[in-house]
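Single-letter residue listing:
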Amino acid sequence: MIAVITGDIINSRAENVSVWMPVLKNELQKIGKDPKDWEIYRGDSFQIKTTPEQAIKVVLIIKAAIKQFKKLDVRMAVGIGEEDYQANKITESNGFAYVNSGECFEGLKKQTIAIKTPWKDFDIVLNLVLDVLSLTINNWSPNNALLIKTSLENSNNTQKELAEKLDKKQSNISAGLKRAGFDEIEKILEYYKKQIQILC
């Protein structure tokens, strides 16, 4: 089983591509190698291969990376399933994970994050959770987005360590994480990981 994330940048022309593209590429390079594990195509679309356990965390980190730019947002669809054919380029690989990701992406309307797996009941619950979470994360300010990204990427750090990293007061870190819904994000990631471990 693998997870495939299909996404695109919303309002990609509202910001200079030379500003946001390196940020996106930097996040993708942490996940794997280009073009086997990830690829950017058509200028502002991308596809990523990761593990089912990591998929939602990867989505939230990319969301936070792009939301650092006030005019931008990102839509992403996660597909989980088998990989029947592994090509040198992710966009030429095939299997149910790719089909689920593509179909889920085509079905995105007002949502910016959704998932499609072989388990329908799980999809119903998780997509509802993601819809509610989106009420918060779609409204992250650039500062909140940076704070969430840093917290997710350094989950073992204390608030004091995060404050030092971001050159902010610890009280600002605490208030910012609360405003950005970090406690709820951690609970959702924990729930998701447990369920995936049972299902996979």
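Note: the structure precedes this text.
About the thresholds
Residues numbered from 1 in each chain as written. Predicted model: local features only at pLDDT ≥ 70, side-chain atom pairs only at ≥ 80, totals over all residues. Heavy atoms only, no water. 1 Å grid on protein atoms, 1.4 Å probe; cavity = no way out; pocket = protein on both sides within 12 Å on 5 of 7 lines; lining within 4 Å. Points joined across faces, edges and corners; volume = space filled by probe spheres on them. Helix = DSSP H or I, 4+ residues; strand = E, 2+ residues; numbered from the N terminus. Nonpolar A, V, L, I, M, F, W, Y, C, P; charged D, E, K, R; others polar. Salt bridge = Lys/Arg side-chain N within 4 Å of Asp/Glu carboxyl O. Buried < 20%, exposed > 50% of the residue type's maximum accessible area, 1.4 Å probe, protein only. Core = buried A, V, L, I, M, F, W, Y, C linked by side-chain atoms within 4.5 Å. Contact = heavy atoms within 4.5 Å. Axes fitted to C-alpha atoms, helices over the stretch in contact; angles between N-to-C directions. Parallel < 35°, antiparallel > 145°, perpendicular 65-115°, else oblique.

### Some remarks on the layout of surface pockets
Estimates place the volume of the largest pocket at around 250 Å³. As for the largest pocket, its lining consists of Glu-53, Gln-54, Lys-57, Ser-151, Leu-152, Ser-155, Phe-182, Glu-186, Leu-189, Glu-190 and Lys-193. Listed by contribution, the elements that provide at least two residues to the lining of the largest pocket are helix H5 (142-153) and helix H8 (182-199). The dominant element in the lining of the largest pocket, judged by the number of residues it contributes, is H8, at five residues. Split by residue class, the lining of the largest pocket holds three nonpolar, three polar and five charged.

### Some thoughts on the pattern of salt bridges
For the structure on display, the rule yields eleven salt bridges. Across the pair Glu-153 and Lys-30 runs a salt bridge, and its minimum N-O distance is 2.9 Å. A residue pair is termed long-range when its members are at least 10 positions apart, and Glu-153 in helix H5 and Lys-30 in helix H1 (residues 17-31) qualify at 123 residues. For Glu-153, a relative accessible area of 30% gives the class partly exposed. One salt bridge in this structure joins Lys-149 and Glu-153, with 3.0 Å as the shortest N-O distance. Taken together, the positions of Lys-149 and Glu-153, both in helix H5 and four residues apart, correspond to about one turn of that helix. Put simply, Glu-27, Lys-30, Lys-149 and Glu-153 are held in one network by salt bridges that share partners.

### Some thoughts on the nonpolar core
In terms of nonpolar packing, the biggest core is built from 50 residues, with Ile-56, Leu-60, Ile-62, Val-78, Ile-148, Ile-185 and Tyr-192 touching the most fellow members. Examining the composition of this core, we find that nine residues originate from one element, helix H2 (residues 55-66), more than from any other. Setting aside residues up to four positions removed in sequence, Val-78 forms contacts with Ala-3, Val-4, Ile-5, Ala-55, Ile-56, Val-59, Ser-101, Cys-104, Ala-114, Ile-115 and Lys-116.

### Quick notes on the packing of helix H6 (residues 159-166) against helix H7 (residues 170-179)
Relative to each other, H6 and H7 sit at 105 degrees, their axes nearing to 8 Å. In terms of orientation, H6 lies roughly perpendicular with respect to H7. Where H6 abuts H7, its residues Gln-159, Lys-160, Leu-162, Ala-163 and Leu-166 lie against Gln-170, Ile-173, Ser-174 and Leu-177. The residue makeup of the contact of H6 with H7, split by class, is five nonpolar, three polar and one charged.

### Overview of unusual backbone geometry
Looking along the chain, the bond that leaves Asp-34 and enters Pro-35 is cis, with omega of 5 degrees. Residue position: Pro-35 is located in the loop between H1 and strand S2 (38-41). Backbone geometry places Asn-11, a non-glycine residue, at a positive phi of 65 degrees. In this fold, Asn-11 is placed in the loop between strand S1 (2-10) and H1. The backbone of Asp-167 shows a phi angle near 55 degrees, a positive value even though the residue is not glycine. The exposure class assigned to Asp-167 is exposed, which follows from its relative accessible area of 72%.

### Describing the environment of Ile-80
Residue position: Ile-80 is located in strand S4 (residues 73-81). The class of Ile-80 is buried, set by a relative accessible area of 0%. Residues Ile-80 and Ala-3, 77 residues apart in the sequence, show an inter-C-alpha distance of 4.5 Å.

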